[in-house]
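Here are the chains, one letter per residue:
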Amino acid sequence: QVQLVESGGGLVQAGGSLRLSCAASGRTSSRYVMGWFRQAPGREREYVAGISRSGGRTYYGDSVKGRFTISRDNAKNTIYLQMNSLKSEDTAVYYCAASTKYIWNTDMVVTTEVEYSYWGQGTQVTVSS
């Protein structure tokens, strides 16, 4: 089992940047495919980005492509989400998640919410226009 704790959220003006961190404890994060999701008030949770166990493969939701970058430092058991060119529509609670999905000899990214087993408590990001 792994515990996930997000940090780095806050209030930023449109066009600005933030970097979210997700610290994993319990079991080493390299065992897991990792992802970031977000949920705005009144809306369903949305996939933001995912990264493979090695960090060699990434995938992004259409709304953040070219603006957000996911990365991981397995030595530090930490996953990051660099968010640039923020827009008001990026305002949401951002969640870090871990997936145990495994396919032999595949450095995979997981993009579906139901395949993530562990979740952090979330960190609020508010972008003012």
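Bear in mind that the values here come from a model prediction, so they are computed numbers and not experimental data.

K.L.:
Sorry if this is basic, but what is going on with the sheet that holds strand S3 (residues 18-25) here?
P.N.:
By way of backbone hydrogen bonds, the strands of a sheet pair with one another, either parallel or antiparallel. What the four strands build is an open sheet, ordered S1-S3-S8-S7; its pairing is antiparallel. The outermost strands of the open sheet, each flanked by one partner alone, are strand S1 (3-7) and strand S7 (68-73). The sheet shows a mean angle of 15° between the axes of neighbouring strands, direction not considered. Across five bridges, S1 lies against S3 in antiparallel orientation.

K.L.:
Quick question: what am I supposed to make of the environment of Thr91 here?
P.N.:
Topologically, Thr91 is positioned in the loop between strand S8 (78-83) and strand S9 (92-99). Placed 51 residues apart in sequence, Thr91 and Ala40 show a C-alpha to C-alpha distance of 6.5 Å. A polar contact is formed between the side chain of Thr91 and the backbone oxygen of Ser88, at a distance of 3.0 Å. Only 2.9 Å separates the side chain of Thr91 from the backbone nitrogen of Val127, close enough to count as a polar contact.

K.L.:
When you look at the nonpolar core in this model, what are you seeing that I'm missing?
P.N.:
Nonpolar side chains in soluble globular proteins tend to end up buried together. In terms of nonpolar packing, the biggest core is built from 28 residues, with Met34, Trp36, Leu81, Met83 and Tyr94 touching the most fellow members. Of all elements in the fold, only S3, strand S4 (33-39), strand S5 (46-51), S7, S8, S9 and strand S11 (123-128) reach the threshold of two or more residues within this core. Every residue in contact with Met83, bar those within four places of it in the chain, is listed here: Gly16, Ser17, Leu18, Leu20, Arg67, Phe68, Tyr94 and Val125. Listed in part, the eight residues of the second largest apolar core include Phe37, Ala97, Met108 and Tyr116.

Calculation notes
- Residues numbered from 1 in each chain as written.
- Predicted model: local features only at pLDDT ≥ 70, side-chain atom pairs only at ≥ 80, totals over all residues.
- Heavy atoms only, no water.
- Pairing = 2+ DSSP bridges.
- Helix = DSSP H or I, 4+ residues; strand = E, 2+ residues; numbered from the N terminus.
- Axes fitted to C-alpha atoms, helices over the stretch in contact; angles between N-to-C directions.
- Polar contact = N/O pair within 3.5 Å; in protein donor to acceptor, adjacent residues only side chain to side chain.
- Core = buried A, V, L, I, M, F, W, Y, C linked by side-chain atoms within 4.5 Å.
- Buried < 20%, exposed > 50% of the residue type's maximum accessible area, 1.4 Å probe, protein only.
- Contact = heavy atoms within 4.5 Å.

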